[in-house]
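# Per-entry structural report
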Amino acid sequence: MLARIREVEEEVITRAIIQKTMEDWLNLIENDVVVVGAGPSGLTAAMYAAKAGLKTVLFERRLSFGGGMGGGGMQFHKIVVESPAEKILEDINCRVESIGEGLFVVDAAEMVAKLASKAIDAGAKIILGVTVDDVIYRGNPPRIVGVVIQWSSVTMAGLHVDPLGVKAKAVVDCTGHDAEVLSIVSKKIPELNICIKGEKSMWAPEAEKSAVRGTREVCPGLFVSGMAVAAVDNTPRMGPIFGGMLLSGAKVAQIIVNKILGEKARKIAPIDF
């Protein structure tokens, strides 16, 4: 016998979506942390920031998360992670296969799904289809205090629609190769002397180290993580090895947690920096 599916009228569906969405958005206007970009470093940063108790929202311009992870290596569905980043994958119950000497192979789809799931479980809110097209910069001394957002569909359509502002104590550029937020700041706030030099050619070992090493607060209130580091620091790209991205995300989260929580801060990731 087939179960009888409940009949739901169209206006009920619409009302539920609009009402619950607006409740979420009213809660997202002010945050501790805004992460921009749902790639490996962004999802990791959002997960650990939220796990520390910080109110965290992640904006992704696409309608999916994962960034460069989803494509694996040239669309082969496996990616490589090196020590000690496998500890982060173990922290999210992601299966890893050791291939010797501190190297591990991971299924790309599993890594994407579990990072996103654990970030959400930790309390981070992930909003898809939203583009950050400006920042909010003010104060004495001045600092980045938020982002200006627009629907990605509006920007793609080339429509003139005024954006909205969202406040945050910390903004993290995890947008990858283009360093989208930092690029905006470099053009609109020249006094900060941020220059987007672009990444160098592939050199995986150096790229992994420099991504983690360069993870930092670039100017008051604005942080950089992941491949965006390479765009700012003119360091190499690494290709389909993602340990540095995970470690960079965890590191930026720890920096922000320490800065916001001060003496109340605790170690939030299973690795030391």
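The structure under discussion appears in the preceding block.
Attention here is on the structure that accompanies the text. (Residues numbered from 1 in each chain as written. Predicted model: local features only at pLDDT ≥ 70, side-chain atom pairs only at ≥ 80, totals over all residues. Heavy atoms only, no water.)

### Some thoughts on the overall build of the protein chain
- Within the protein chain, the secondary structure is distributed over nine helices and 11 strands.
- By the compact-globule yardstick of 19 Å for 273 residues, the protein chain fits well, its C-alpha radius of gyration being 19 Å.
- Oriented by its inertia axes, the alpha-carbon framework of the protein chain measures out at about 60 × 60 × 40 Å.
- In the protein chain, which comprises 273 residues, the share counted as buried stands at 49%.
- Pairs at least 24 residues apart make up 66% of the contacts formed inside the protein chain by residues separated by at least 6 positions.
- Carbon and sulfur atoms make up 55% of the accessible area of the protein chain, which totals about 14100 Å².
- Distance from the positive charge centre (31 side chains) to the negative charge centre (32 side chains) of the protein chain: 3 Å. (Helix = DSSP H or I, 4+ residues; strand = E, 2+ residues; numbered from the N terminus. Rg over C-alpha atoms; globule rule 2.2 N^0.38 Å. Buried < 20%, exposed > 50% of the residue type's maximum accessible area, 1.4 Å probe, protein only. Contact = heavy atoms within 4.5 Å. Areas by Shrake-Rupley, 256 points an atom, 1.4 Å probe, with all protein chains shown as cover. Lys, Arg positive; Asp, Glu negative; His and termini not counted. Charge placed at Lys NZ, Arg CZ, Asp CG, Glu CD.)

### Let's talk about the layout of surface pockets
- Taken as a whole, the largest pocket holds about 640 Å³ of empty space.
- If you trace the largest pocket, you find 33 residues lining it, with Gly67, Gly68, Thr175, Gly176 and His177 closest to the centre.
- For the lining of the largest pocket, the secondary-structure elements that each account for two or more residues are α2 (40-51), β2 (56-60) and β7 (130-139).
- Here the residues of the lining of the largest pocket sort into 13 nonpolar, 14 polar and six charged.
- Its volume calculated, the second largest pocket comes out at about 300 Å³.
- What lines the second largest pocket is a set of 15 residues, among which Trp25, Ile149, Trp151, Pro163 and Leu164 lie closest to the centre.
- Counting residues per element, the ones that place at least two in the lining of the second largest pocket are α1 (10-27), β8 (142-151) and β9 (164-173).
- When its residues are assigned to classes, the lining of the second largest pocket shows 12 nonpolar, two polar and one charged. (1 Å grid on protein atoms, 1.4 Å probe; cavity = no way out; pocket = protein on both sides within 12 Å on 5 of 7 lines; lining within 4 Å. Points joined across faces, edges and corners; volume = space filled by probe spheres on them. Nonpolar A, V, L, I, M, F, W, Y, C, P; charged D, E, K, R; others polar.)

### A word on the packing of aromatic side chains
- Using the criterion set out here, one finds two aromatic pairs in the structure.
- On the numbers, 6.2 Å between centres and 15 degrees between planes, the contact of Trp25 with Phe59 is stacked. Highlighted residues: Trp25 in helix α1 and Phe59 in strand β2, separated in sequence by 34 residues.
- For the ring pair Trp25 and Trp151, a centre distance of 5.9 Å and an interplane angle of 80 degrees mean the geometry is edge-to-face. (Phe/Tyr/Trp six-rings, centres within 6.5 Å; stacked < 30°, edge-to-face > 60°.)

### Looking at the pairing of strand β4 (residues 97-100)
- In this structure, β4 lies alongside strand β5 (residues 103-107), joined through three bridges in antiparallel fashion. Across the sheet, residue Glu97 finds its bridge partner in β5, namely Val105.
- Connecting β4 to the antiparallel partner β5 that follows it, the hairpin turn spans two residues, and Glu101 within it adopts a positive phi of roughly 55 degrees. (Pairing = 2+ DSSP bridges.)

### A closer look at a nonpolar patch on the surface
- Nonpolar side chains collect at one region of the surface, where Val8, Val12, Ile13, Ile17, Ile18 and Met22 lie side by side and expose about 520 Å² of accessible area between them.
- Relative to the elements of secondary structure, Ile13 occurs in helix α1.
- Its relative accessible area of 41% is what places Ile13 among the partly exposed residues. (Patch = residues over 30% accessible without salt bridge, like charges linked within 9 Å, V, L, I, M, F, W, Y side chains within 5 Å. Salt bridge = Lys/Arg side-chain N within 4 Å of Asp/Glu carboxyl O.)

### Some remarks on unusual backbone geometry
- Between Ser83 and the following residue, Pro84, the backbone shows a cis peptide bond with an omega angle of 5 degrees.
- Mapping Pro84 onto the fold places it in the loop between β3 (78-82) and α3 (86-91).
- Omega for the peptide link from Asn140 to Pro141 comes to 5 degrees, which places this bond in the cis form.
- Topologically, Pro141 is positioned in the loop between β7 and β8.

### As for the packing of α2 against helix α4 (residues 108-122)
- The geometry of α2 relative to α4 is characterised by a closest axis approach of 8 Å and an angle of 25 degrees between their N-to-C directions. Classed by the angle they form, the pair α2 and α4 counts as roughly parallel. As α2 packs across α4, the resulting crossing turns out to be left-handed. Here Pro40, Leu43, Thr44, Met47, Ala50 and Lys51 of α2 come into contact with α4, specifically with Val112, Leu115, Ala116, Lys118, Ala119 and Ala122. (Axes fitted to C-alpha atoms, helices over the stretch in contact; angles between N-to-C directions. Parallel < 35°, antiparallel > 145°, perpendicular 65-115°, else oblique. Left-handed = near helix turned anticlockwise from the far one by under 90°.)

### Focus: the pattern of salt bridges
- If you walk through the whole model with that rule in mind, you get 14 salt bridges.
- The partner of Arg213 in a salt bridge is Glu206, and the shortest N-O contact between them spans 3.0 Å.
- What makes Arg213 exposed here is its relative accessible area of 54%.
- One salt-bridge network, held together by shared partners, links Arg95, Glu110 and Lys114.

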